[in-house]
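What follows is the residue order along each chain.
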Amino acid sequence: MTSNPSLSANAALGVGRIVSESFSILFRNILAVMILGFIPSLIGLLISVFMNGAELTLGIGSADPFAAGDPFAGPSISGIVISTVLQLAIQGITIALLVQMAYDAKLGNPVTPGKYISPAIKAVVPIAVLSLVIGILAGIGFLLLIIPGLIIYAMYSVTTPAIMIEGVGFGGMSRSAQLTKEYRWPIIGALVLLGICTIIIGMIVGFVVGIIVPIFGTGTVGIAIGILLFSALNAFIYGLSGIGSALIYARLREIKEGIGIDKLAAVFD
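1. Structural notes on the overall build of the protein
Regarding its fold elements, the protein presents 12 helices and zero strands. Across the protein, helices and strands are ordered from the amino to the carboxyl terminus as α-α-α-α-α-α-α-α-α-α-α-α. The buried share among the 269 residues of the protein stands at 46%. When contacts within the protein are restricted to residue pairs at least 6 apart in sequence, long-range pairs at least 24 apart make up 73% of them.

Next comes the structure, spelled out in structure tokens:
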């Protein structure tokens, strides 16, 4: 690998720039983001509705997630666990698609969603498995007073880009830990800023769903509208997460190894 002597491990990550550029790329390519993120999100929500019921999935009504019964007929512990695992896998694959889009968009190349599918499919197994592992580890960390969860999430925040760009497969977590070393607190700052924005948008969408669904009732029309709105929300969140992860990874490679984003994107040509 080539190195750039003007950069060092002491160079700033540039949190403000990463956050602002993430939003810039997202809104400039919102149609592509929705194409790449909406369908996987919709599939994930439909699975959750099928296994846990619409009330729990959409956060309406008073469904008891710990009720006993058929996991495919309503909320249950088994249904929640299985659907959560599937959601984490779907999220990982969706972010793999959006990482590729982010590099094309940053370089000013044509954004063509169709060409991102094949590379993502080739990496589907390690991305799905490692996304699940990271989700579990971060979840345990968040239970331990939040901070450990943030550190874990920051440590493994560039796992998917590492798999997609370097083809490291199941070594993605260790590669991410290597790249993020000494930069985890700035990465946490970037992730928190992006997370706050998505939480605010999520609250707005949740409020809208809470108003719309009762108007149409909890029948087919009301539930369908709620699912579509939440699918769009998830697509937006996945888009912001994927783009942010791609930019953080590119910046870390630039700082530590002198690799420019044009060389990173060339792997998809």
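2. Observations regarding a nonpolar patch on the surface
A cluster of nonpolar residues, Val192, Ile196, Ile200, Ile204, Phe207, Val208, Ile211, Ile215, Phe216 and Val221, forms a patch on the protein surface that exposes about 920 Å² of accessible area. The greatest single-element share of the nonpolar patch, amounting to nine residues, is contributed by helix 10 (residues 184-216).

3. With respect to the nonpolar core
In this structure, Met101, Tyr103, Ile243, Tyr249 and Leu252 are the most contacted members of the largest nonpolar core, which totals 57 residues. If we skip the residues at most four places from it in the chain, Tyr249 touches Tyr103, Val158, Pro161, Ala162, Ile165, Glu166, Leu179 and Leu264. Core analysis: the second largest hydrophobic core is formed by 10 residues, Leu45, Val49, Ala54 and Ile227 among them.

4. Thoughts on the environment of Leu229
The topology assignment puts Leu229 in helix 11 (residues 220-257). Residue classification places Leu229 among the partly exposed positions, given a relative accessible area of 30%. When the C-alpha positions of Leu229 and Leu58 are compared, they lie 9.9 Å apart, and in sequence the two are 171 residues distant. With sequence-adjacent residues up to four places away left out, Leu229 is seen in contact with Val205, Val208, Val209 and Ile212.

5. Some points on the environment of Pro113
When you line up the elements, Pro113 lands in the loop between helix 4 (77-107) and helix 5 (117-122). In this structure, the C-alpha to C-alpha distance between Pro113 and Leu98, residues 15 residues apart in sequence, is 8.8 Å. Once residues within four sequence positions are removed from consideration, Pro113 is found in contact with Ala32, Ile35 and Leu36.

6. A closer look at the packing of aromatic side chains
Enumeration according to the criterion identifies two aromatic pairs in this entry. Summarising the aromatic geometry, the rings of Phe23 and Phe27 are spaced 6.1 Å apart at their centres and angled 20° between planes, so their arrangement reads as stacked. Taken together, the positions of Phe23 and Phe27, both in helix 1 (residues 15-28) and four residues apart, correspond to about one turn of that helix. Look at Phe23 and you get buried, because its relative accessible area is 18%. Seen from their ring centres, Phe27 and Phe236 are 6.1 Å apart, and the 50° between their planes marks the pair as tilted. Separated by 209 residues along the polypeptide, Phe27 in helix 1 and Phe236 in helix 11 bring together distant segments of the chain. Grouping aromatic residues by their ring pairs yields a cluster made of Phe23, Phe27 and Phe236.

7. Quick look at helix 11
With 38 residues, helix 11 extends 53 Å between its outermost C-alpha atoms, agreeing within 8% with the 56 Å of an ideal straight helix rising 1.5 Å per residue. Immediately beyond the C-terminal end of helix 11, within one or two residues, lies Gly258, with a positive phi of roughly 70°.

8. Let's talk about the packing of helix 6 (residues 124-143) against helix 8 (residues 159-166)
As a packed pair, helix 6 and helix 8 sit with axes 10 Å apart at the nearest point and diverge in direction by 160°. By the angle between their axes, helix 6 is roughly antiparallel relative to helix 8. For the pair helix 6 and helix 8, the crossing hand works out as right-handed. Between helix 6 and helix 8, the residues in contact are Pro126, Ile127, Leu130 and Ile134 and Thr159, Thr160, Ile163 and Met164, respectively. Per-class residue counts for the contact of helix 6 with helix 8 are six nonpolar, two polar and no charged.

9. Observations regarding the side chain of Thr94
Summarising the element assignment, Thr94 is placed in helix 4. Other than its neighbours up to four places away in sequence, Thr94 contacts Leu36, Gly37, Pro40 and Tyr238.

10. Structural notes on the side chain of Asn29
Secondary-structure assignment places Asn29 in the loop between helix 1 and helix 2 (30-52). For Asn29, a relative accessible area of 14% gives the class buried. Among all residues touching Asn29, those that are not within four sequence positions of it are Met101, Ala105 and Val111.

11. Examining unusual backbone geometry
In this structure, Glu182 is a non-glycine residue whose phi angle is positive, near 75°. Tracing the sequence through the fold places Glu182 in the loop between helix 9 (172-180) and helix 10.

Parameters and conventions
Position numbers for residues start from 1 in each chain and track the written sequence from start to end. The predicted origin of the model limits local features to residues at a pLDDT of at least 70 and limits the giving and counting of side-chain atom pairs to 80 or more, whereas totals for whole chains, interfaces and linings rest on all residues. Side-chain calculation: all heavy atoms of the structure are included, whereas hydrogens and water are not. Secondary structure is summarised from DSSP: a helix means a run of H or I of at least four residues, a strand means a run of E of at least two, and numbering begins at the N terminus for each. Whether a residue is buried, partly exposed or exposed follows from its accessible area with a 1.4 Å probe, protein chains only, as a fraction of its type maximum: under 20%, in between, or over 50%, in that order. Here a residue-residue contact requires only that any non-hydrogen atoms of the pair lie within 4.5 Å. Residues with no salt bridge and a relative accessible area higher than 30% make up the patches, which join like charges within 9 Å and nonpolar side chains (Val, Leu, Ile, Met, Phe, Trp, Tyr) within 5 Å. Residue burial considers only the protein chains on display, and all accessible areas are found by Shrake-Rupley using a 1.4 Å probe. A pairing counts as a salt bridge when a side-chain nitrogen of Lys or Arg comes within 4 Å of a carboxyl oxygen of Asp or Glu. We define the nonpolar core as a collection of buried residues of types Ala, Val, Leu, Ile, Met, Phe, Trp, Tyr and Cys that are connected through side-chain atoms lying within 4.5 Å of one another. Paired rings are identified among Phe, Tyr and Trp, the last through its six-membered ring, by centres lying within 6.5 Å, and are further divided according to the angle between planes into stacked (under 30 degrees), edge-to-face (over 60) and tilted (the rest). Multiplying one less than the number of residues by 1.5 Å gives the expected span of a helix. Here an axis means a line fitted to C-alpha atoms, over the contact stretch when the element is a helix, while the angle between two N-to-C directions is reported on a 0 to 180 degree scale. Note on terminology: angles under 35 degrees are roughly parallel, angles over 145 are roughly antiparallel, angles of 65 to 115 are roughly perpendicular, and the others are oblique. The sense of a crossing depends on the near helix, which, turned anticlockwise from the far helix by less than a right angle, makes the crossing left-handed and, turned clockwise, makes it right-handed. All amino acids are sorted into three groups, where Ala, Val, Leu, Ile, Met, Phe, Trp, Tyr, Cys and Pro are nonpolar, Asp, Glu, Lys and Arg are charged, and the leftover types, Gly among them, are polar.

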